[in-house]
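# Geometric and topological summary
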Amino acid sequence: MRDATGLDTGTEDGFLLFGRVLDGRGGGRAVDWEEARGWQPQGPNEILWVHLVRFHPGVAEWLEQGLEVPEPTAELLTSDDTRPRAFREQEALVATLRGINFNPEAEPEDMVSMQLWSDGRRVVTLRRHPLQTPRIVLADIDAGRGPGDAGALITALIEHMIAHMNRSIVDMNDHIDQLEEDDDDGNAEDMLAKIGTIRRNCLALKRHMSPQHEALERISRDAPDWFEEHDRREIAETIDRLRRYLDDLDISKESAVVLMDELRGKALARSEQTSYLLTIVAAIFLPLGFVTGLLGINVGGIPGVSDERAFWIVVGLCGGILLFQLYLFRRWKWL
């Protein structure tokens, strides 16, 4: 269901977007909200995962009363404070992460946040705007090839979220490459506007991804004991991948700056060339204009008024002045 603003408000029976009970073998079964809120594990490998709309009334109350989440943590999980962070709270892991917004008419820098809470037996993810990552992991679970425990589920969510960031970076690099190819043919103002947009996107992504890097390091270092060693290694590899993406962002930003400087340099050179040519033309016609203007004044005594050859004499004089100017300009290396 969606409200008037286009936000997904959950199912008809509450704020649950979907719920699955993982069987520990890569699969899982669907659960409704009635079963999810009172769920207890029936086997040693069962894990509950619920994906909720965080702004829906009642979410914070259920977190506090149903999961015994401390009130400040419940407020954090349902608030609009979406700066990436992660911390351990006794045996629970709490995190706020951000992913690329691939919703229609969204810009790459419009990041979508996802809050996460897990005690090792239950995983709760919350979001405000639609996010592709949980649906991708859900499809893997429904296909029987998903994560088998809470640590693997969290790792899978983080890996897909970071992998989607690379898609946006690759797209920006492709745009920069295309602009470099169109450098000589494209409109400079339009190209500068596109490059400016790419630079802003790079800065926005860098601003959001840098704290996310710190949050992932905190998960790898301080996660509870149920977060197994192989999960920590997976998170460490994801951190390395994110670090490479941050380096790629720096390269993209620098490439955009270099291309922008080249475009501005070429535009300035063309402007200076045009101004130079206009100056040469003005310098050529200045003495010619002086001569013709002097002969055209309406006073007595103008020589050649009664001479039929005077016009051609003046033309020859102007031609001689022009040739002499061209000789001087070439000698002075102005031409």
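This text gives an overview of the structure that appears in the document. On a predicted model such as this, the values are computed, not experimentally measured, just so you know.

In this section: the packing of helix α4 (residues 132–142) against helix α5 (residues 150–181). Taken N-terminus to C-terminus, the directions of α4 and α5 make an angle of 125°; their axes are 9 Å apart at the nearest point. Judged by the angle between their axes, α4 and α5 are oblique. Once α4 is placed against α5, the crossing between them reads as right-handed. Every residue of α5 that contacts α4 at Q132, T133, P134, I136, V137 and D140 is listed here: L153, A156, L157, H160, M161, H164 and R167. Taken together, the residues that form the contact of α4 with α5 break down as seven nonpolar, four polar and two charged.

Glycine aside, negative phi is the norm for most residues, and most peptide bonds take the trans geometry. The residue E68 is not glycine, and still its phi comes out positive at about 60°. The topology assignment puts E68 in the loop between α2 (59–66) and α3 (71–78). The phi torsion at Q90 lies on the positive side, around 60°, for a residue other than glycine.

Take the side chain of R20 next. You can see R20 is positioned in strand β1 (residues 16–22). Classification of R20 as buried rests on a relative accessible area of 13%. For R20, the side chain forms a polar contact with the side chain of D142, separated by 2.9 Å. Residues in contact with R20, not counting those within four places in the same chain, are R29, A30, V31, I47, L48, W49, L138 and D142.

Another aspect to go through is the sheet that holds strand β3 (residues 47–53). Reading across the sheet, the seven strands line up as β2-β1-β3-β7-β6-β5-β4 and stay open at both edges, with mixed pairing between neighbours. The open sheet is flanked by β2 (28–30) and β4 (85–89), the only strands paired with a single partner. The sheet shows a mean angle of 15° between the axes of neighbouring strands, direction not considered. Set on the sheet, α2 makes contact with β3 and β7 (122–127); between it and β7 the angle comes to about 165°.

Attention now goes to α3. Side chains of residues three or four places apart in an α-helix project in the same direction, reflecting 3.6 residues per turn. Those residues of α3 lying buried are T73, A74, L76, L77 and T78. Where α3 is buried, its residues contact α2, β4, β5 (92–99), β6 (112–118) and β7.

In a soluble, globular protein the nonpolar side chains are often hidden away together inside. Grouped together as the largest cluster of nonpolar side chains are 55 residues, with contacts concentrated most on W49, I158, M209, L216, I219 and L249. Every element with two or more residues in this core is listed here: β1, β3, β5, β6, α4, α5, α6 (188–222) and α7 (229–295). It is α5 that contributes the most residues to this core, 13 residues altogether. Apart from residues no more than four positions distant in its own chain, M209 is found in contact with M165, I169, L242, Y245, L246 and L249. By size, the runner-up hydrophobic cluster in this structure holds 23 residues, among which are F15, V21, W33 and L77.

Tracing the chain through its elements places E61 in helix α2. C-alpha separation for the pair E61 and E71, spaced ten residues apart in sequence, amounts to 8.9 Å.

With that settled, the discussion passes to the environment of L76. For L76, the location among the structural elements is in helix α3. A relative accessible area of 13% means that L76 is categorised as buried. Contact partners of L76, with chain neighbours within four places excluded, come to D81, R85, F87, V94 and Q115.

Direction vectors running N to C along α7 and helix α8 (residues 310–331) enclose 155°, while the axes themselves pass 10 Å from each other. What the angle tells us is that α7 and α8 run roughly antiparallel. The element α7 and its partner α8 pack so that their crossing is right-handed. When α7 is examined against α8, the residues I280, A283, I284, P287, L288, V291, T292 and L295 are found in contact with a partner set consisting of V314, L317, C318, I321, L322, Q325, L326 and F329. Here the residues of the contact of α7 with α8 are counted per class, giving 14 nonpolar, two polar and no charged.

What counts and how
Per chain, the residues get numbers from 1 upward, laid out in the order the sequence is written. Note on the predicted model: pLDDT of at least 70 is required for a residue's local features to be given, and 80 or more for side-chain atom pairs to be given and counted; whole-chain, interface and lining totals, by contrast, use all residues. Where side-chain values are given, they derive from all heavy atoms of the structure, hydrogens and water being excluded. Think of each axis as a best-fit line through the C-alpha atoms, taken over the contacting stretch in the case of a helix, with angles from 0 to 180 degrees between the N-to-C directions. Only DSSP runs of H or I with at least four residues qualify as helices, and only runs of E with at least two residues qualify as strands; both kinds are numbered from the N terminus onward. Any angle that falls under 35 degrees is termed roughly parallel, while one over 145 is termed roughly antiparallel, one within 65 to 115 roughly perpendicular, and all others oblique. The crossing is said to be left-handed when, going from far helix to near helix, the turn is anticlockwise and less than a right angle, and right-handed when the turn is clockwise. Residue contacts are counted whenever heavy atoms from the two residues lie within 4.5 Å of one another. Under this grouping Gly is polar, as are all residues other than the nonpolar Ala, Val, Leu, Ile, Met, Phe, Trp, Tyr, Cys and Pro and the charged Asp, Glu, Lys and Arg. Exposure is judged per residue with a 1.4 Å probe applied to protein chains only, and the accessible area is read against the type maximum: over 50% gives exposed, under 20% gives buried, and values in between give partly exposed. Here a polar contact is taken to be a pair of N or O atoms separated by no more than 3.5 Å, where protein atoms must pair a possible hydrogen donor with a possible acceptor and residues adjacent in sequence count only if both atoms sit in side chains. The pairing criterion for strands is at least two bridges between them, as found by DSSP. Only buried Ala, Val, Leu, Ile, Met, Phe, Trp, Tyr and Cys residues count toward a nonpolar core, and they belong to the same one when joined by side-chain atoms within 4.5 Å.

So yeah, pure geometry; function would need other evidence.
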